[in-house]
Amino acid sequence: MKTAVPLTILAVLTFGQAAQTPERLTADLTVRADQPKATINRNIYGHFAEHLGRLVYDGIWVGESSPIPNTRGMRNDVVSALKNLNIPVLRWPGGCFADEYHWRDGIGPREQRPKRLNTNWGGVVETNVFGTHEFMDLVDQIGAAPFISMNVGTGTPQEMKDWVEYITSSDDSELANLRRKNGRAEPWKLPYVGVGNETWGCGGNMRPEVYADQYRHFATFVKNQSGNRITKIAVGASDANYTWTDVMMAQVGQRMQGLSLHYYTLPTGNWSKKGPATGFTEADWLATLQRTLRMDEFIRKHSDVMDKYDPDKRVGLMVDEWGTWYDVEPGTRESALYQQNSLRDAIVAAVNLNIFHQHADRVQMAAIAQVVNVLQAVILTQGPKMVLTPTYHVFEMYKVHQGATSIPVDLASPEYRLGQSAIPALHASASKDAAGAYHVSIVNLDPTRAAQVTMKVAGASPKAITGRVLTAPAMDAINAFDRPPAVAPAPFTAFQAQGGQVTLTLPSKSVVVLELK
Ligand code: AHR
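Residues numbered from 1 in each chain as written. Predicted model: local features only at pLDDT ≥ 70, side-chain atom pairs only at ≥ 80, totals over all residues. Heavy atoms only, no water.

So, about the pairing of strand β19 (residues 415-418). On a regular strand, one side chain projects to one face of the sheet and the next to the other, so that they alternate. Note: β19 against strand β20 (residues 421-424), four bridges, orientation antiparallel. Its bridge partner being in β20, Leu418 is matched across the sheet by Ser421. Hairpin connection, β19 to β20: the antiparallel pair is bridged by two residues, and Gly419 has positive phi, about 60°. (Pairing = 2+ DSSP bridges. Helix = DSSP H or I, 4+ residues; strand = E, 2+ residues; numbered from the N terminus.)

What follows is the structure, encoded as structure tokens:
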């Protein structure tokens, strides 16, 4: 945040950042400071790192002898950028990869680790050079907590039990001693364990009744030891599969602390032709945002099912895979899932984070897919070069909401319409942090019209306002390796305060984060 502008003397501020379109949207927004809700669990700002494409190898791990500056093999540029996001939790090693991953392959001297085929992602050779110790070092370097998705599909309860003991035991046991022999004297803390991944699909194609029993079986052997406490996360539904949620809640209930939800945003909704990451039409823009807005419906309806069995909301809904999924970049390997990231992705990220804030009572964790070089990545790399994507900037601007109290907003949004399709043009969320500051995040989904928003705060009288805005001239503006960033946050000054209300002018296709003190 830059210099705060006192609300009382904001008589004349320019509307210089507003798009000069003939028509302007108008809306009223009330921040209900008088109705504070649940705490926004900072874990909804989580990320996901799978052994897939160039995520782990290239994107994070370059090896100790690489000319790319690194710390114990982890590239310094990426680590430092990730650290800046205050990432609370990182999920690893998959994804589909997790259900074919055997943890013993990834410990001990690196040159002796077995090479396996990564059958889910192009059959490429997995060297296992990046294993448990490397992952734990990574989360330590970026300051995140580890979330390990363990193998149910091709693993055993014994293997799962042993992995947990290897990581967390401080005893004089064979597995704890093996960890010591491999260079780690102290046990690590392992707060989150996923019991399988997408067991309705790549994780075993199970029926929910079968997985519910599998979960009960495997999870029995995921034990708290040496003072470590594990939040166990069961595989939940994809999209609108409410039956899965119902069966899991009925048959597993409080044996799990979290139930996952996966939902990807495809512009077309068609897995065989998803649509390009850039060079899309306005119709594609609207369709993408319309589909991403469905996250709210999915969370609401899964929550309704969960409420039947768990009215006290002890089981968290963990949206541990979400984000855009496009056709891969031309010239890149299909199975590597490398896609560009544009201003459209920034809007998608902001809308989804707003939705998570609004459901802070039930959504306790989320992980955008995936952290570097895969799907809706916050970072892209090319050899020694790195760019921060538009999605990165949303996570950075929004980090002020982490751990804050969710504050409802009343927003009567105008419509953004194109042809027969229409969505709300504006989307917002708010929170109050521990120091008493309010943060209001507003997204203008309309790609051509600026929005004039009249904002009031009910139940509080902040004295000063500052803000930042993320926008660009083109819907598909990206940050490229060889050019200065086209999409980066700038100070937001297009507002005026008078008589207890603030009039904001949001540029078209923008994300604005305000701080009110
Ligand atoms: O994120 C890519 C893949 O999407 C994951 O491996 C899988 O869980 C999901 O289907």
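This part covers the site of the ligand. Around the ligand, a shell composed of Phe48, Glu50, Gly95, Cys96, Trp121, Asn197, Glu198, Tyr264, Glu321, Trp325, Gln370 and Leu375 is seen. Take Glu50: an N or O atom from its side chain is 2.7 Å from an oxygen atom of the ligand. Measuring from an oxygen atom of the ligand, one finds a backbone N or O atom of Cys96 at 2.9 Å. Looking at the shell around the ligand, its residues break down into six nonpolar, three polar and three charged. (Near = heavy atom within 4 Å. Polar contact = N/O pair within 3.5 Å; in protein donor to acceptor, adjacent residues only side chain to side chain. Nonpolar A, V, L, I, M, F, W, Y, C, P; charged D, E, K, R; others polar.)

The biggest cluster of nonpolar side chains holds 151 residues, and the ones touching the most others in it are Trp322, Phe356, Tyr398, Met455 and Leu504. If you tally residues by element for this core, the top one is helix α9 (residues 343-358), at 10 residues. Mapped onto the domain boundaries, this core takes at least three residues apiece from domain 1 (5-38 + 407-516) and domain 2 (42-403). Not counting chain neighbours up to four residues away, the residues in contact with Phe356 comprise Ile44, Met295, Ile299, Val319, Trp322, Val363 and Ala366. In terms of nonpolar packing, the next biggest core, distinct from the first, is built from seven residues, Ala145, Tyr192, Met318 and Met365 among them. (Core = buried A, V, L, I, M, F, W, Y, C linked by side-chain atoms within 4.5 Å. Buried < 20%, exposed > 50% of the residue type's maximum accessible area, 1.4 Å probe, protein only. Domains from an automatic or database assignment. Contact = heavy atoms within 4.5 Å.)

Quick look at the pattern of salt bridges now. As enumerated under the stated definition, the model contains 29 salt bridges in all. Put simply, Asp77 and Arg75 hold a salt bridge, and the shortest N to O gap is 2.9 Å. On the basis of relative accessible area, Arg75 is assigned to the buried category, the value being 1%. Across the salt bridge formed by Arg294 and Glu297, the nearest N and O atoms sit 3.0 Å from each other. With Arg294 and Glu297 both in helix α8 (residues 294-309), this residue pair falls three residues apart, about one helical turn. (Salt bridge = Lys/Arg side-chain N within 4 Å of Asp/Glu carboxyl O.)

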